[in-house]
Amino acid sequence: MTQVKNIQDSLKPIVALCKRRGFIYPGSEIYGGFANTYSFGPYGAQLKKNIKDLWWQTFVQKRRDMVGLDGPILLHPKAWAASGHLEGFNDAMIDCKACKSRFRCDHLIEEELKQSADGLSLEEMTHLVHSKKVKCPKCGAQDFTNARNFNLMFSTHMSKTGSEGDVAYLRPETAQAIFLDFKNIIDTMRVRIPFGVAQIGKAFRNEITPGNFVFRVIEFEQMEIEYFIRGETWEKTFEDWLKSMHDWCKLIGLNKARIHEKEHPKEQLSHYSKRTVDIVYDFPFGTSELYGLAYRTDFDLSRHAEFSGQKIEYTDPETREKFVPHVIEPTFGVERTILALLCDAYDEQQLENGEMRTVLHLHPRVAPVKVGVFPLMKKDPLGPKAQAVFDMLQAHFTCEYDESGAIGKRYRRQDELGTPYCVTIDFDTIENDTVTLRDRDSMEQTRVAISELVATLSAKLI
Ligand code: GAP
C-alpha cells in the first residue's frame, strides 16, 4: 500500500473526517452555526476523555507530589485584578473601516507584510499598517483604524441589576483557581514543598481572530499544573518539567519529529513570567504552540496576598521558616492535543487492489474505540456468537459492534475511527472457537482462540 496524501498540506480532510465520523461538529449548526464554537461528537468526546484520564493518571495518580483540584469558572472579580488579567490580558486589534472586519494587528502585519510584530507598541503597529498601506484581507481596502488594546476576558453579570459593579469574568486560564485555593490546600492536605496542584477545566477567551479549526477557539479546555517550589530551585524544576512534557507527548504517541521547543524572548514574556518555553508542533498551517511551560515566580501568590489582605505563605515543617513559594507551570491545551493527534494520525492509502482507505493511526492509548467486533453475517449462529464475544470484550475495552454491510466496509469504517483492532466471527469460529484478529496499521489478520482474546488484546493495547 502507498500513502497518497500528505496531510501536512491542509487541514481540510481532517475537518471533513471529524464531521463525517462524529468526532467534531461545528457549533449550533441548525441555527446556521456559531463562529468558532465546536461540539465534540461521540468519538471526539471519548477521545477527549481518554486524553484527560491519561493526563490525570500520569500527573496526579501516579505521583506522590501532586494533588488535584476542580475550581470554579467564576472567581471573585478582584482575582483578575490581582492576576494582572484585567489590565494586561490584551491583544492589539485593528478594524477595517470599509468592511468593519476586525483583525489581530500582529497577525495582520505578519500575514500581509511578512514581518514579525513581536515587541511593537500600539503606535508602532498603527504606523506600519498605515505607512505600508496594508490591504484588508477581506475586502482589499487600505483604510484601517488605529490599533488598540482589546481585553480577551469574557464578562458576564452576577445579579439582576446588570450594572458595571456586578461584572464577573469567565476564567481565561484555569491556573488562578489553584492560586486562590493554595491556602486551603496547604491547610487541609499533608503536602510538602515541592508539590503540585493539577486541574482540568474550561477556559474562555474572546479571541479576535480565532481559527484553524479547534486550534484557536473561544471556549477550550486546559490541563494545568502549578508546581510550588522554593525560588532557588526553579531552574532544575523547569528542566525536569520540560522533560516530563516531552515524555507526555511520547506517551500519547505524537510524532517526535514534529515537536520542537520555542524559547520566548524576554520582551514577549507574559506579565507573570520570568521564563517561558513553548512546546510547538508542526501543524499543517505552520509550527505553532501546543503546550507551554512558564516560571511564574511568586507573582501570583504575592499578588493575591496583597489584593485579598490574607497571608499566603508556606511554613517549612522542619525549620518553621515562612516563605511565599515560587511556581513552575506546565500547561496543556486539550483541543490542541486532539488536533495534533489527528494531524499525526491521518493517512490516505492506496491498497494493492486499487481501493483507497483513510485511516487514523491513533495510539491505542487514546483511540476512542479499541476493538471492533463483527459477525461475518447477522444470522444464526454467527450473530449470537459475536454478541457473546462482544459482551466478553466490552468488560475490558471500549468496543463497537457492527453487523451491517460488507466486512470490507466495516473495516474501512473502523480505520477512519482509528480503531486499532477488529475481531471477526465467522463459520470457523463455530467449529473451533477461534476468531480473526485484524491489525489496523498492517491490515494483517491472525487467528486467535476466544479464550486467549482478552490477554492477547490487553498485551497489544498497552
Ligand atoms: N495558565 C497559562 C496559560 O493559560 P497560555 O499559553 O495562554 O498559558 C495555555 O495557554 C494552553 O492553552 C496553550 O498552550 C494552548 O494549548 C491552550 N490554548 C490557549 N489559548 C487557546 C485557544 N484560544 N484555543 C485553544 N487552545 C488554547
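What counts and how
Residues numbered from 1 in each chain as written. Predicted model: local features only at pLDDT ≥ 70, side-chain atom pairs only at ≥ 80, totals over all residues. Heavy atoms only, no water. Core = buried A, V, L, I, M, F, W, Y, C linked by side-chain atoms within 4.5 Å. Buried < 20%, exposed > 50% of the residue type's maximum accessible area, 1.4 Å probe, protein only. Helix = DSSP H or I, 4+ residues; strand = E, 2+ residues; numbered from the N terminus. Contact = heavy atoms within 4.5 Å. Near = heavy atom within 4 Å. Polar contact = N/O pair within 3.5 Å; in protein donor to acceptor, adjacent residues only side chain to side chain. Areas by Shrake-Rupley, 256 points an atom, 1.4 Å probe, with all protein chains shown as cover. Pairing = 2+ DSSP bridges. Axes fitted to C-alpha atoms, helices over the stretch in contact; angles between N-to-C directions. Salt bridge = Lys/Arg side-chain N within 4 Å of Asp/Glu carboxyl O. Patch = residues over 30% accessible without salt bridge, like charges linked within 9 Å, V, L, I, M, F, W, Y side chains within 5 Å. Lys, Arg positive; Asp, Glu negative; His and termini not counted. Charge placed at Lys NZ, Arg CZ, Asp CG, Glu CD. Expected span 1.5 Å × (residues − 1). Arc of directions from axis to C-beta. Domains from an automatic or database assignment. Buried area = accessible area lost by both parts, 1.4 Å probe.

**Quick look at the nonpolar core**
Of all hydrophobic cores here, the largest spans 59 residues; its most connected members are Phe23, Trp55, Trp248, Leu254, Tyr291 and Ile328. At 8 residues, the largest contribution of residues to this core is made by helix α11 (residues 334–345). With near-sequence residues (within four places) excluded, Leu254 lies in contact with Cys249, Ile259, Tyr281, Leu290, Ala340, Leu341 and Asp344. Core analysis: the second largest hydrophobic core is formed by 20 residues, Leu393, Cys399, Val435 and Leu457 among them.

**Considerations on the site of the ligand**
Around the ligand sit 20 residues, and of these Glu173, Glu207, Glu224, Glu289 and Leu290 come closest. Note that a nitrogen atom of the ligand is positioned 2.5 Å from one of the side-chain N or O atoms of Glu173. Within the backbone of Gly333, a nitrogen or oxygen atom sits 3.1 Å from an oxygen atom of the ligand. When the free accessible area of the ligand is taken as 560 Å², the share hidden by the protein chains comes to 91%.

**Focus on the sheet that holds strand β13 (residues 275–283)**
Pairing is mixed in the open sheet, where 7 strands are placed in the order β4-β10-β11-β17-β14-β13-β12. Pairing within the sheet leaves two strands with one partner each, and these edge strands are β4 (66–69) and β12 (259–263). For this sheet the average axis-to-axis angle between neighbouring strands, irrespective of direction, equals 25°. Looking at chain direction, β13 and strand β14 (residues 286–297) are connected through 9 bridges and run antiparallel. Bridging across to β14, Arg275 finds its partner in Tyr295.

**Considering the pattern of salt bridges**
Tallying each qualifying case throughout the model produces 36 salt bridges. One salt bridge in this structure joins Glu416 and Arg20, with 2.7 Å as the shortest N-O distance. Of the two residues, Glu416 is situated in helix α13 (residues 407–417) and Arg20 in helix α1 (residues 12–20); the sequence distance between them amounts to 396 residues. On the basis of relative accessibility, which here comes to 44%, the residue Arg20 falls in the partly exposed class. Between Lys52 and Glu221 there is a salt bridge; the shortest N-O distance is 2.8 Å. You can see Lys52 sitting in helix α2 (residues 42–61) and its partner Glu221 sitting in strand β11 (residues 219–229), a full 169 residues away along the chain. Members of the salt-bridge network, linked through shared partners, are Glu355, Arg357, Arg412, Asp415 and Arg438.

**Considerations on a negative patch on the surface**
Residues Glu110, Glu111, Glu112, Asp118 and Glu267 make up a contiguous surface patch of negative charge. Structurally, the position occupied by Asp118 is in the loop between α5 (105–113) and α6 (122–131).

**So, unusual backbone geometry**
Among all residues save glycine, negative phi is the norm, and among peptide bonds the norm is trans. Cis geometry is adopted by the peptide bond preceding Pro194, which originates at Ile193 and carries an omega value of 5°. Its place among the elements puts Pro194 in the loop between α8 (182–188) and β10 (195–204). With an omega of 0°, the peptide bond running from Asp380 to Pro381 counts as cis. Mapped onto the elements, Pro381 comes out in the loop between β20 (371–375) and α12 (382–394). Positive phi, close to 65°, is recorded for Arg320, a residue that is not glycine. Positive phi values are uncommon outside glycine, yet Asp433 reaches one of about 60°. Within the secondary structure, Asp433 is located in the loop between α14 (427–432) and β23 (434–439). By relative accessible area, which is 37% here, Asp433 ends up partly exposed.

**Some words on the side chain of His304**
Residue position: His304 is located in helix α10 (residues 299–308). Looking at His304, the relative accessible area reads 6%, which means it is buried. Beyond its immediate sequence surroundings of up to four residues, His304 is in contact with Ala79, Ala82, Ser83, Gln176, Phe179, Leu180, Gly309 and Ile312.

**Examining helix α9 (residues 234–251)**
Its 18 residues give α9 an end-to-end C-alpha distance of 25 Å, which sits within 8% of 26 Å, the value for a rise of 1.5 Å per residue. Those residues of α9 that fall on the buried side of the exposure criterion are Trp234, Thr237, Phe238, Trp241, Leu242, Ser244, Met245, Trp248 and Cys249. When α9 is viewed along its axis, its buried side chains cluster within an angular range of 165° and face the same direction. Exposed positions of α9 whose direction lies more than 90 degrees from the buried face are Glu235, Lys236, Lys243 and Lys250. At the exit of α9 stands Gly253, carrying a positive phi of roughly 90°.

**A closer look at the domain arrangement of the protein**
According to the domain assignment, the protein contains domain 1 (2–79 + 160–343), domain 2 (90–151) and domain 3 (369–460). For domain 1 versus domain 2, the separation of C-alpha centres amounts to 29 Å. Taken together, the 6 residues of domain 1 in the interface contact 9 residues of domain 2. Overall, the association of domain 1 and domain 2 removes approximately 680 Å² of surface from exposure, summing both partners, and the carbon and sulfur fraction of that is 58%. In terms of surface lost to domain 2, no three residues of domain 1 exceed Ile208, Thr209 and Gln268, which account for 68% of the buried area on that side.

**Here's the deal with the pairing of strand β22 (residues 421–425)**
In terms of burial, β22 is a largely internal element, 5 of the 5 residues being buried. Residue alternation in β22 divides its side chains into two sets, Tyr421, Val423 and Ile425 and Cys422 and Thr424, and both sets are buried. One ladder, built from 5 bridges, connects β20 with β22; its direction is parallel. Bridging from a neighbouring strand, Phe374 pairs with Thr424 of β22.

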